[in-house]
Every structure is written in structure tokens, then in C-alpha cells.
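Chain by chain, the residues run as shown.
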Amino acid sequence: MPPADTKASTGTPVDAGSSSSAVSAASSAASTASSSSADSSAGSSADASAGSSPSSASSAGLLEPGEPGYRRMSFALFAAGVAAFALLYSTQALLPAISADLGVTADQASWTVSAATGALALAVLPLSVLSERFGRRAMMTASLCVAAFVALLIPLAPGLGWLIALRAVQGVALAGLPASAMAYLAEEVRPKALVGAIGLFVAGNSIGGMSGRILTGWVAQVWGWRAGLAAVGLLAVASAVAFRLLLPKARNFTPSPVSPRALARTVAGHLTDALLCRLYAIGALFMTVFGAVYTVIGYRLAGEPFGLPQGVVGSIFLVYLVGTASSAAAGQLVGRLGRRGALYLAVGTTAAGLLLTLSTSLAAVLLGLVLITAGFFAGHAVASSSVSRAAHTGRAQASALYQSAYYIGSSVGGALGALAFRAAGWEGTVVLGLFAMAAAAGITLYATRKALVERRLVAASPVRAARPVVVRH
């Protein structure tokens, strides 16, 4: 099973609510594992091998609910999800405190977030390939252990440069988890139980992403930001130990040789596919808004006219729970409005939320954050789930590229959002977000017009009844 289908499905994430796209994409990946010979030729040959496909494995070797091994596996991956996403965004709620203590500006401090997400974006695809060779369990264990070890060093960073460098190393390490977790599940869990297992892993992602920010915020309010980061590091160590002790050994994985040349051909093919590139761009643009808003919002709420304390600022991330509902509702929106209609609604909701945050009323700002979060997760769920549908070959690599674009959007959004905040205040960050949503709407409008033109051509074709034409848009 190609590991790159992992965070494409999580969306994830998105760490806090892209569960609908996670479950649907990973379930689709599991169902196609035994027939994905194209993925094999693309450099993920384990997809086509009997050893790394649940459908070809002996049914007696697959885990299912009620078995001790299934419960251990579920708790292990839940712990891994909590640790990974608590670490990935651990500094985000602490940026105002880091700026004040180290004497740096918002745009400089924002690199403690952007370095981690950017490094993860660059490492997802290479580590997904390595997990085909060395195994999912080994890759996940190494990922969590290295990331947790680095987390214990981060509070000791003497300055901003060291802090950013260590966060980048941590981002690379964390890329090994999404590169392997979903593939492990697809190989080791009975297909009928796969959705539930993935759901628990995604729940760990959500709780980790949210609780990590809240934990650091409240600890930092009492003992400082370094203590906040140390608390998350200890949480990660405990989670890594629990993961290693609980996760059953893989029974259906067979190492596969890696073909860099075939992988490069598949990646190049995806990057020249216009539809996939539009989906990558939409995911990156939505995440640009999300990264910008949640990187800078702490500065806005800690400053005038609100003056909220650090712990309360960290608790603002409870708004992430809205993402769980909106991503789950994305499937229903697509059923009623179509994929492009759902994207238009997501863009409009996000833009409306951005405008509301310009208010000096705390209630209006919080409502704006709710709308931004709901719109973002809905848009991400639609775009990420469309990638596997659009990619007819090399689905694992297509999903990994989406995740790379997604986290690049997070990294760029955080950095540019902080720069805009420094130059023009919160209004500058909002303008950046509106430009990103205008670009996403433009891409969607282009796809709508293209689909209409193609349908007219199909309707005018004299052979339309004899040979159905598939319209890709």
C-alpha cells in the first residue's frame, strides 16, 4: 500500500478535523491496493505485491474489532496521532510570548511554525518511498522517537536561529508518520474495520493538534513558553513509548525495491496534469489562509483592544472542533451542490469569516474564526478527496503531492501572514487571506467554465451515443 495516501486522507491534516477526507481516501486506497499495478510502476511497487495488500493477505492475518491486537493497534496509532500533531504546531499558540522573550518580530517568530510544516512538506514523498523498503512500523517508530527527542531539546534553544533549525529537523522527522500510518492500517486491518481504525487515528490527530496548543498556552502563562514546549515534549515521549509498546508487529508487509526513475516519471506526470495541479493549488490556497490566520491571531488577541492572557489565547484553538463537523458535512455538500458548488461555498464562508475578524468585538472575531475554520476544512475535504478520484495511476504519489502542496501552503501562509501583520496589522493579514480565496474562486470558476464548454462539445458530437465521453474538470 503506498504510504503517500496517508495524509492525503488525513488531511488531515490538517490535524483537527479533516476526518471525512481521511476516511474516504484511505478506504479507497485500501480497496485499490491489490489492483494498483500502475502505482507499482510509479515507484511504490508494494502496492501491487501480495505482501503489502490487505486484499491479498490471508484473512486470518488481518486484525478486526474484538481482537486484543486490534485494540492495541488502535490505541497505539491514537497515541501517535496525538504526539505528532501536538508537536507539529507546538509553537503556534506561543508566538507572542516567544516574540516578547527573544525580542523578535511576529514574522521572525512565525518561522518556528513555517520551518516545521515546510520541512514536513518536503519530506513526505521521500519518506513514503523509504517506508516501502524498511517497513511501516520501523518508519513510524523512528519518526516519533526522533521528533520526541528533538522536542526535549527545543526548550533549550539559546536563540531564534537554533529554535527554527530544531523545528525544521522535527518537521522532517514527523513526515515519517503520515507517510506510513495509513499504509500500515490498510495492510494489517480487515477491510470492513478499516474506516473505524482510521477514524481513531484521525481523532488522535485532531486531539493532538488542538490539545498541544491549549497545553502550551496554559503552561506558558504560568511558567513561560519554554516550559510549555517542554510539556509537549514530555507528552510526545510518553506517547512514543506507548506507541512502541502497543503496536503489533506487521504481518502482511513485504519490503519492495525503490525505483527512483519510475517514481520521478509518475511525479512528473502528476505535475503536468492540469486537473491535479488545480486541486493542489486549491488545497495550498486554503491552507495559506488557515496558516496565516492561526499564526497571527495570537498577536491580535493578546494586543489591544482585547488583551487576552496566554492561556485564553491558546484555548481559542478549541474552535478547531468546528472543523470536525464541517469536514464531515463536506460529503453531503458535494452530494447537494457538486464538488465545485461545495468549493464555492467553502470560499465564501472563509471570506466572510475573514471580514468578520476585522471587527473590534471579540464575539465577532470568534464568529469569524468559526467561519474561517468551517470553510477551510470543508474546502480541504473536497479538494483532498478529489485527488484520488482524479488520479487514475500513481494515486499514492498524487496524494503525497497534495500533502506537500498543503503543507507548503501552511508554511508560506504563516510566513506571509506574519509579514503582512507586521506591515499593516491584522488588516494586512485579512487582505492576504482574501487574495488567496479570490485565487481559489478563480481556479474553481475556470474549471466550471471548462466543464461547460466540454459538455457542449459532447452534446454536439454526432457520436456521443455510441461512445461516452468522460469530462474531467
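Owing to the predicted nature of the structure, the values given are computational and were not obtained by experimental measurement. (Residues numbered from 1 in each chain as written. Predicted model: local features only at pLDDT ≥ 70, side-chain atom pairs only at ≥ 80, totals over all residues. Heavy atoms only, no water.)

Moving on, we get to the overall build of the chain. Counting secondary structure elements, the chain contains 19 helices and 0 strands. Here the chain holds 473 residues, and 59% of them are scored as buried. Of the contacts made within the chain by residues no fewer than 6 positions apart, 81% connect residues no fewer than 24 positions apart. Working note: accessible area of the chain is about 17,100 Å², and carbon and sulfur atoms make up 69% of it. (Helix = DSSP H or I, 4+ residues; strand = E, 2+ residues; numbered from the N terminus. Buried < 20%, exposed > 50% of the residue type's maximum accessible area, 1.4 Å probe, protein only. Contact = heavy atoms within 4.5 Å. Areas by Shrake-Rupley, 256 points an atom, 1.4 Å probe, with all protein chains shown as cover.)

Here we take up the packing of aromatic side chains. Using the criterion set out here, one finds 9 aromatic pairs in the structure. Both rings, one in Phe376 and one in Phe377, keep their centres 4.8 Å apart while their planes meet at 65 degrees; by these two values the pair is edge-to-face. Using a relative accessible area of 0% as the deciding quantity, one classes Phe377 as buried. Seen in terms of ring centroids, Tyr402 and Tyr406 are 6.2 Å apart; in terms of plane orientation they differ by 25 degrees. Their pairing is stacked. On the criterion of helical spacing, the pair formed by Tyr402 and Tyr406 is a turn pair, its members being 4 residues apart in helix α18 (residues 395-424). By relative accessible area, which is 1% here, Tyr402 ends up buried. By relative accessible area, Tyr406 is classed as buried at 1%. By the ring-pair criterion, three or more aromatic residues cluster together here, those being Phe290, Tyr294, Phe317, Phe376, Phe377, Tyr402, Tyr406 and Tyr407. (Phe/Tyr/Trp six-rings, centres within 6.5 Å; stacked < 30°, edge-to-face > 60°.)

Once that is clear, we can look at the confidence of the model for the chain. Interpretation of this model should avoid reading the predicted coordinates in detail wherever pLDDT is low. Looking at the chain as a whole, the pLDDT averages 79, with 79% of positions reaching at least 70. Per-residue pLDDT stays below 50 along residues 1-58; that stretch engages in 192 contacts with residues further than four places along the chain or on separate chains. (pLDDT = per-residue confidence, 0-100.)

This model, assessed by the stated rule, comprises 1 salt bridge. Asp107 is the salt-bridge partner of Arg422, the closest N and O atoms lying 3.4 Å from each other. Taken as a pair, Arg422 in helix α18 and Asp107 in helix α6 (residues 106-109) lie far apart in primary sequence, 315 residues in all. (Salt bridge = Lys/Arg side-chain N within 4 Å of Asp/Glu carboxyl O.)

Turning to unusual backbone geometry, a few remarks are in order. Look at the link from Glu304 to Pro305: it is a cis peptide, with omega at 10 degrees. Along the chain, Pro305 turns up in the loop between α14 (274-302) and α15 (310-315).

We now examine a nonpolar patch on the surface. On the surface, Leu122, Ile408, Val412, Leu416 and Leu419 cluster together to form a nonpolar patch covering roughly 430 Å² of accessible area. Considering every element that reaches the nonpolar patch, the biggest residue donor is α18, with 4 residues. Relative to the elements of secondary structure, Val412 occurs in helix α18. (Patch = residues over 30% accessible without salt bridge, like charges linked within 9 Å, V, L, I, M, F, W, Y side chains within 5 Å.)

Quick look at the side chain of Thr117 now. Mapping Thr117 onto the fold places it in helix α7 (residues 111-134). The class of Thr117 is buried, set by a relative accessible area of 0%. Setting aside its immediate chain neighbours within four residues, Thr117 contacts Leu88, Tyr89, Tyr407, Ser410 and Ser411.

Here the focus is the packing of helix α5 (residues 95-102) against α14. Put simply, α5 and α14 touch, their axes get as near as 8 Å, and they point 65 degrees apart. Between α5 and α14, the angle falls in the class roughly perpendicular. In this structure, α5 uses Leu95, Pro96 and Ser99 to contact α14, whose residues at the interface are Thr295, Gly298 and Tyr299. For the contact of α5 with α14, the per-class residue count stands at 3 nonpolar, 3 polar and no charged. (Axes fitted to C-alpha atoms, helices over the stretch in contact; angles between N-to-C directions. Parallel < 35°, antiparallel > 145°, perpendicular 65-115°, else oblique. Nonpolar A, V, L, I, M, F, W, Y, C, P; charged D, E, K, R; others polar.)

Looking at the element boundaries, Ala97 is found in helix α5. Expressed as a C-alpha distance, the spacing of Ala97 and Ala302, which sit 205 residues apart in the sequence, is 9.6 Å. Discounting chain neighbours no more than four positions away, the residues touching Ala97 are Trp225 and Gln310.

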